[in-house]
Amino acid sequence: MAKTVSHFVCRTCGGVQSRWMGKCPDCGAWDALERYTPAPVAREAHRSIADAWTESGARAGDAEGAGSTASAALIDGAQPIACVEPPVHRRIGTGSAELDRVLGEGFVPGSVVLLGGDPGIGKSTLLLQTAGRLARGGSTVLYVSSEESAFQTRLRAERVLVPVGAASADPAAGAALPGLDSLLVLAETDLARVAEQARRHRPGVLIIDSIQLIHRGDVSGAPGSVSQVRRCATDLVYLAKVSGMVVILVGHVTKDGQLAGPRLIEHMVDVVLSFEGERHRPHRVVRAVKNRFGSTQEVALFAMTERGLEDLDPSLTRLDPSAAPRPGTVVASVMHGTRCLLVEIQALVAGTFPGTARRRVSGLDANRLAMAIAVLEQHLGLALGDQDVFASAAGGLKVVEPAVDLAMALAIAGAARRRTVPPGTAVFGEVGLGGEIRPVHQQELRAEEAHRRGYRHVILSAEGEVRLPRGVEATRVRTLADAGALLGAPLQSTPAPADGDTPEPRGTTRPRRRIESARRA
Ligand code: TYD
Ligand code: MG
C-alpha cells in the first residue's frame, strides 16, 4: 500500500510546510498550521460530487444562461480554440451598477467568485440583494445559507428586498416578497445535499454563504478546516465549470485562525472580491483582488443603510466648496479605480512630551504620513518631534494612493501653523523625499471632478503639460515649500487672512522666485 504523506497547511495564508511549527513562516500567524493529508485520488468513497453531477446526465450547459457548449471541452476533450462556442449570455448583469463595474459588466457563466471580508461587514446583505435582483430579472438563484436558518434569511430579505412603499398591513405576517419565486433558499451545510438541490433546480447562480461551514461527509476534519474548505471549494469550482452555473463563495477573513481563510482558495477561483470598510461608518468598498475576466483597477462603492447596501453616488459625499476653510482640512482629488472622488483630508497636531509623539492615521497610509512629516520638518522647517500628529480621510473610504501626499502635508502644515488653503481649493500631487511635488496620473480628470463639485482652484505639480478644464484656476507648485507658501495667514482672532501674507491663488511667481533664491543660496 502506498504511504500517505501528510504536510501542514496554514489556515490563514495557505502556505505549505513539511513539519508543524508554532508560527507560520510565510504570514507570521501563530498556531495556524494544520495537518493536511491529500485524499487518495481514484478511490470510490472519494468520488467527487461534481463527477456525480456529470454522470447523472446533468451535462454542461444545463444551467440557464450557460448555453449548450460553454464548458463542453471540459468533458469532450481538446478542440481548436476557434471552435469553442460562446455561451448564450456572455455576462449576467447583477442589477447593481457598482457591482457590475467591479466584476466587469456582471458575472461570467460558469465562473466562481469568492467574496471575502470581515464578519459583519455586509457580505450576506450584498449577496441576498444581488440574488433578489437576479431573481426579479428572471434568473433562478439558489442561496445556500450555511450560517443562518431559512427563516433568518427571510427576515433579512424582508428588510432589504421589499419594494419601497410595499410594507405589509399586518406586521406579524411579515412583509410580502413579490417577484421572488425563483429565489430559492436552502439552509444546509452538507455539500452532497447542496449539489443534489442544485441538480434538481438548475439555478443560473448558486450562492454559498459561507464556504467555511460547508463540509463533505467523506472528508476528515471539521467544517472550516483546511481539508474541508479546500475539498469543498475544489468540488464547487468543478461543478461551476461542468454545469455553467455561476458559483459565488463567501469566505470570512478570520484573525484568530480558527477557520481556514479565503486566501486558501484564492488560486482556484476566477474572481476574488474583497469587501472593505469600517463597521461604524456607512461606506463600503468592494475591490477586485483578482479577476480573470476584467480589470482589478475598479472598485464598487456602497453605503450601508437600514435597507441594506445602496450604490453610492460619490457626489453625495458631503462637501461644501463655499464654506470657509478650516486649518488642518484640505480637499483632495482621489482616484478610486477609474473614478475620481473628492475626499476631505484632516490633520490634527497636538503638543506632547518629546519621545512620546504619536503618529496615527485613519483611512490613510501610515508610512506615507511618516514620510510627509519628515519632509515637512526638512523642507518647511516645522518642528513636529514633540507633537502628536493624527491624519484621517473623512467618510471612511481608504485612500492609499501617493496623489494624496500633498493634501496630507498641507493639512498637517495648516494644522501646525493654524493656516488654511484658499477657499474652494482642491489638491493633488505626490511629495518626493527631496520635497519636490511630482505630477500624478489623471490630473485632468481630477481637476474636472473638482470643478464639477464647485472647487474653482486646484493646486498641483508644476511638472508636465496639463490641459485643465475652463474655469479652473491652477497653481502649479514645484516644491513643498511653494505649496506651503499658499497657506494663508495664521488664524487668530480675525479669521480673514492678512493680505501681505496671502498669495493670489494663481500666484506662482512669488514661490518660484523663492525657489530660485533658495537654489542660488
Ligand atoms: P451581514 O451581511 O450579516 O455581514 P456578513 O455577512 O459580512 O457577516 O451584515 C451585517 C451588518 O450589516 C450588521 O451589523 C447590520 C448591518 N445591516 C444594516 O445596516 N442594514 C441592513 O439592512 C442589514 C441587513 C444589515
Ligand atoms: Mg453573513
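Criteria and cut-off values
- Residues numbered from 1 in each chain as written.
- Chains lettered and ligands numbered in written order.
- Predicted model: local features only at pLDDT ≥ 70, side-chain atom pairs only at ≥ 80, totals over all residues.
- Heavy atoms only, no water.
- Salt bridge = Lys/Arg side-chain N within 4 Å of Asp/Glu carboxyl O.
- Buried < 20%, exposed > 50% of the residue type's maximum accessible area, 1.4 Å probe, protein only.
- Helix = DSSP H or I, 4+ residues; strand = E, 2+ residues; numbered from the N terminus.
- Near = heavy atom within 4 Å.
- Polar contact = N/O pair within 3.5 Å; in protein donor to acceptor, adjacent residues only side chain to side chain.
- Nonpolar A, V, L, I, M, F, W, Y, C, P; charged D, E, K, R; others polar.
- Contact = heavy atoms within 4.5 Å.
- Pairing = 2+ DSSP bridges.
- Axes fitted to C-alpha atoms, helices over the stretch in contact; angles between N-to-C directions.
- Core = buried A, V, L, I, M, F, W, Y, C linked by side-chain atoms within 4.5 Å.
- Parallel < 35°, antiparallel > 145°, perpendicular 65-115°, else oblique.
- Left-handed = near helix turned anticlockwise from the far one by under 90°.
- Lys, Arg positive; Asp, Glu negative; His and termini not counted.
- Phe/Tyr/Trp six-rings, centres within 6.5 Å; stacked < 30°, edge-to-face > 60°.
- Lys NZ or Arg CZ within 6 Å of the ring centre and 35° of its normal.

Caption draft 1: Region of the structure containing the pattern of salt bridges. With the rule as written, the count across this model stands at 23 salt bridges. The partner of Arg193 in a salt bridge is Glu188, with the nearest N and O atoms 3.2 Å apart. Taking the relative accessible area as the measure of exposure, Arg193 reaches 38% and is therefore partly exposed. Classification of Glu188 by relative accessible area gives buried; the value is 15%. The shortest N-O distance in the salt bridge between Glu449 and Arg452 comes to 3.1 Å. Of the two residues, Glu449 and Arg452 are both situated in helix α10 (residues 443-452); the distance of three residues between them amounts to about one turn of the helix. Through salt bridges with shared partners, one network takes in Arg368, Asp405, Glu430, Glu436 and Arg438.

Caption draft 2: Local environment of the site of ligand 1. Inspection of the region around ligand 1 gives 16 residues, with Gly120, Lys123, Ser124, Thr125 and Thr305 positioned closest. In this structure, Ser124 approaches ligand 1 through a side-chain N or O atom, which is 2.7 Å from an oxygen atom. Contributing elements (two or more residues each) for the shell around ligand 1: α4 (123-136), α5 (150-160) and β11 (299-305). The residue inventory of the shell around ligand 1, partitioned by class, reads four nonpolar, six polar and six charged.

Caption draft 3: Quick peek at the environment of Leu213. Within the secondary structure, Leu213 sits in the loop between β7 (205-209) and α7 (226-243). In the structure, Leu213 is positioned 23 residues away from Asp190 in sequence and 8.7 Å away in space, judged by C-alpha atoms. Setting aside its immediate chain neighbours within four residues, Leu213 contacts Ser146, Glu147, Thr189 and Pro223.

Caption draft 4: Layout of the sheet that holds strand β21 (residues 473-477). Strand order in this open sheet of seven strands is β15-β16-β14-β13-β17-β20-β21, and the pairing throughout is mixed. The open sheet is flanked by β15 (359-362) and β21, the only strands paired with a single partner. For this sheet, the mean inter-axis angle between neighbouring strands, taken without regard to orientation, is 30°. Of the pairings in the sheet, the one linking strand β13 (residues 329-336) to strand β17 (residues 425-427) comprises two bridges and is parallel in character. Residue pairing for β17: Ala332 is matched across the bridge by Val427. Helix-sheet contacts for helix α8 (residues 366-379) involve β15 and β16 (387-393), and the interaxial angle to β15 is about 130°.

Caption draft 5: Representation of the nonpolar core within the structure. One finds Ile345, Leu364, Leu376, Leu406, Leu410, Ile412 and Leu480 to be the most contacted residues of the largest nonpolar core, which totals 47 residues. Elements represented by at least two residues in this core include exactly β11, β13, β14 (339-351), α8, β16, α9 (405-417) and α11 (480-484).

Caption draft 6: Structural context of the packing of α4 against α5. As a packed pair, α4 and α5 sit with axes 10 Å apart at the nearest point and diverge in direction by 70°. One element, α4, and the other, α5, form an angle in the roughly perpendicular class. When α4 is examined against α5, the residues Ser124, Thr125, Leu128 and Gln129 are found in contact with a partner set consisting of Thr153, Arg156, Ala157 and Val160.

Caption draft 7: A look at the packing of α8 against α9. One can describe the packing of α8 onto α9 by two numbers: an axis separation of 10 Å at closest approach and a directional angle of 60°. Here α8 lies oblique to α9, going by the angle between them. Crossing angle aside, the handedness with which α8 passes α9 is right-handed. Only Asp405, Met408, Ala409, Ile412 and Ala413 of α9 make contact with α8, whose side of the interface consists of Arg368, Leu369, Met371, Ala372, Ile373 and Leu376. By residue class, the composition of the contact of α8 with α9 is nine nonpolar, no polar and two charged.

Caption draft 8: Seen up close, the side chain of Asp100. With respect to the helices, strands and loops of the structure, Asp100 is situated in helix α3 (residues 97-103). Put simply, Asp100 is tucked away with no salt bridge, and the nearest opposite charge, on Arg133, sits 8.1 Å away. Non-local contacts of Asp100, meaning those with residues more than four positions away in its chain, are made with Gly93, Thr94, Gly95, Glu105 and Gly106.

Caption draft 9: Geometry of the sheet that holds strand β8 (residues 246-252). Taken together, the nine strands give an open sheet; going across it, the order is β6-β5-β7-β8-β4-β9-β10-β11-β12, and neighbouring strands pair in mixed fashion. One side of each edge strand has no neighbouring strand; the edge strands of this open sheet are β6 (183-186) and β12 (308-311). Going across the sheet, the axis of each strand differs from the next one's by a mean of 25°, ignoring polarity. Here β11 pairs with β12 via four bridges, running antiparallel. Within the sheet, the bridge partner assigned to Thr305 lies in β12 and is Gly308.

Caption draft 10: Structural view of the packing of aromatic side chains. Here the structure, examined in full by the defined rule, presents zero aromatic pairs. Sitting above the plane of the Tyr36 ring, Arg230 keeps its charged end 5.1 Å from the centroid.

Caption draft 11: Molecular detail of unusual backbone geometry. Residue Ser210 is reached from Asp209 by a cis peptide bond, and omega for that bond is 10°. Along the polypeptide, Ser210 turns up in the loop between β7 and α7. Of note in this structure, Arg418 is not a glycine but carries a positive phi near 55°. Structurally, Arg418 is set in the loop between α9 and β17. For Gln442, which is not glycine, the phi torsion reads 60° and is therefore positive. The residue Gln442 is located in the loop between β19 (437-438) and α10 in this model. For Gln442, a relative accessible area of 37% corresponds to the partly exposed category.

Caption draft 12: A look at the pairing of β8. Most of β8 is tucked away, with seven of its seven residues classed as buried. The alternating pattern of β8 places Val246, Ile248, Val250 and His252 on one face and Val247, Leu249 and Gly251 on the opposite face, and all of these are buried. The pairing of β7 with β8 spans four bridges and is classified as parallel. By the bridge assignment for β8, Ile208 is matched with Leu249.

Without other data, these values stay purely geometric and don't point to any function.
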